[in-house]
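What follows is each chain in one-letter form.
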Amino acid sequence: MTFWVLAICILLMALVLSLYVKAEIILKVREDEIFQGISLQVNSRLYKADRNYDYTDSNLRLLESILISAVWQNKTNKNKPSASPDLLEVLWQASKGFPIRSLFELCRGNSDLIIMTLRYIVVEKLDWISTVGSKDALHTALGTGMCWTLKGIIIGILSSRCSLAGLRLDVKADFDNPSFLSSFTCILKMRLVHIIIIEIYAIIIKVRWCLNGFSARTEPSH
């Protein structure tokens, strides 16, 4: 009797760990005469976020405003002690504050964790529709070509690292209005057991960083 109870418990645990956890990510980038900014939505059972980042400046383009904000953010934090954040800390900061800087912090020093995460992710659906507009036909054509090139590079990297399906890409040209709009929507899924593995690996990395920092602080000076 005990054997069958144990076998049933193991079977149920295996079934639970094999279940997929889905997440929908909606990212929109808009730049026109009225608004310049980024909106991000994340919907899943484990995490939800709805953030809007306004970079509207009549004297600057969207990218220029983002770069200036990044430089200003770096100057305000340059005197603070720095430590290598783990994946959860960076995602938490990204949901609260500056997204571009958090993205760079995530990529720096976490390449192994990112590659592992991508290997376990299944992209069930990916729609990436963009509109590039300018009153100058040459600028519109160049912007459209650059947008296609950027999408090709990103999709190529993703397809080599994770399972990618349901792909729909499009870049539209608008010769009447000087604007840029890019809408990125994807549905990701990952097995619960893989999420647990990634969490454990992130904790190990954090403990290793803490031990290395402690060793550096206690090393005698000569």
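Scroll up to find the structure.
Here the structure is a predicted model, which is why all the values come from computation and not from measurement. (Residues numbered from 1 in each chain as written. Predicted model: local features only at pLDDT ≥ 70, side-chain atom pairs only at ≥ 80, totals over all residues. Heavy atoms only, no water.)

1. Quick notes on the overall build of the protein chain
Across its full length, the protein chain carries 7 helices and 7 strands. Listing each helix as α and each strand as β along the protein chain from the N terminus yields α-β-β-β-α-α-α-α-β-α-β-β-β-α. Counting every position in the protein chain, which comprises 222 residues, the buried fraction comes to 28%. At a minimum sequence separation of 6, the contacts of the protein chain that also span at least 24 residues come to 71%. (Helix = DSSP H or I, 4+ residues; strand = E, 2+ residues; numbered from the N terminus. Buried < 20%, exposed > 50% of the residue type's maximum accessible area, 1.4 Å probe, protein only. Contact = heavy atoms within 4.5 Å.)

2. Comments concerning a nonpolar patch on the surface
Residues Ile8, Leu11, Leu12 and Leu15 make up a contiguous nonpolar surface patch of roughly 400 Å² in combined accessible area. Note on isoleucine 8: relative accessible area 49%, which makes it partly exposed. (Patch = residues over 30% accessible without salt bridge, like charges linked within 9 Å, V, L, I, M, F, W, Y side chains within 5 Å. Areas by Shrake-Rupley, 256 points an atom, 1.4 Å probe, with all protein chains shown as cover. Salt bridge = Lys/Arg side-chain N within 4 Å of Asp/Glu carboxyl O.)

3. Details of the side chain of threonine 117
When you line up the elements, threonine 117 lands in helix 5 (residues 111-120). Residue classification places threonine 117 among the buried positions, given a relative accessible area of 16%.

4. As for the pattern of salt bridges
Once their charged atoms are close, side chains differing in charge can pair, the charge on each being opposite to the other. Scanning the model with the defined rule gives 5 salt bridges in all. Its salt-bridge partner being lysine 125, residue aspartate 127 comes within 3.7 Å of it at the nearest N-O pair. Judged by its relative accessible area of 13%, aspartate 127 falls in the buried class. Across the salt bridge formed by arginine 168 and aspartate 127, the nearest N and O atoms sit 3.5 Å from each other. Of this pair, arginine 168 sits in strand 6 (residues 167-174) while aspartate 127 sits in strand 4 (residues 122-133), and the two are 41 residues apart along the sequence. Arginine 168 gets classed as partly exposed once you look at its relative accessible area, which sits at 47%. It is possible to trace a salt-bridge network through shared partners that takes in Lys22, Glu124 and Lys189.

5. Structural notes on the pairing of strand 3 (residues 48-54)
Relative to strand 3, strand 2 (residues 36-44) is paired through 7 bridges, and the arrangement is antiparallel. Within strand 3, the position partnered with leucine 40 by the bridge is arginine 51. Here strand 2 folds back onto strand 3 in antiparallel fashion, the turn holding 3 residues. (Pairing = 2+ DSSP bridges.)

6. A few points about the environment of leucine 15
Inspection of the secondary structure assignment puts leucine 15 in helix 1 (residues 2-17). You can call leucine 15 partly exposed: its relative accessible area is 48%. Measuring from C-alpha to C-alpha, the distance between leucine 15 and leucine 192 comes to 9.9 Å, with 177 residues separating the pair along the chain.

7. So, the nonpolar core
Counting residues in each nonpolar core, the largest one holds 18 residues, and the members touching the most others are Val123, Leu126, Met190 and Ile198. Contributions of two or more residues to this core are made by helix 5, strand 4, strand 7 (180-191) and helix 7 (192-218). In this structure, Val29, Tyr53, Tyr55 and Leu62 belong to the second largest nonpolar core, which totals 5 residues. (Core = buried A, V, L, I, M, F, W, Y, C linked by side-chain atoms within 4.5 Å.)

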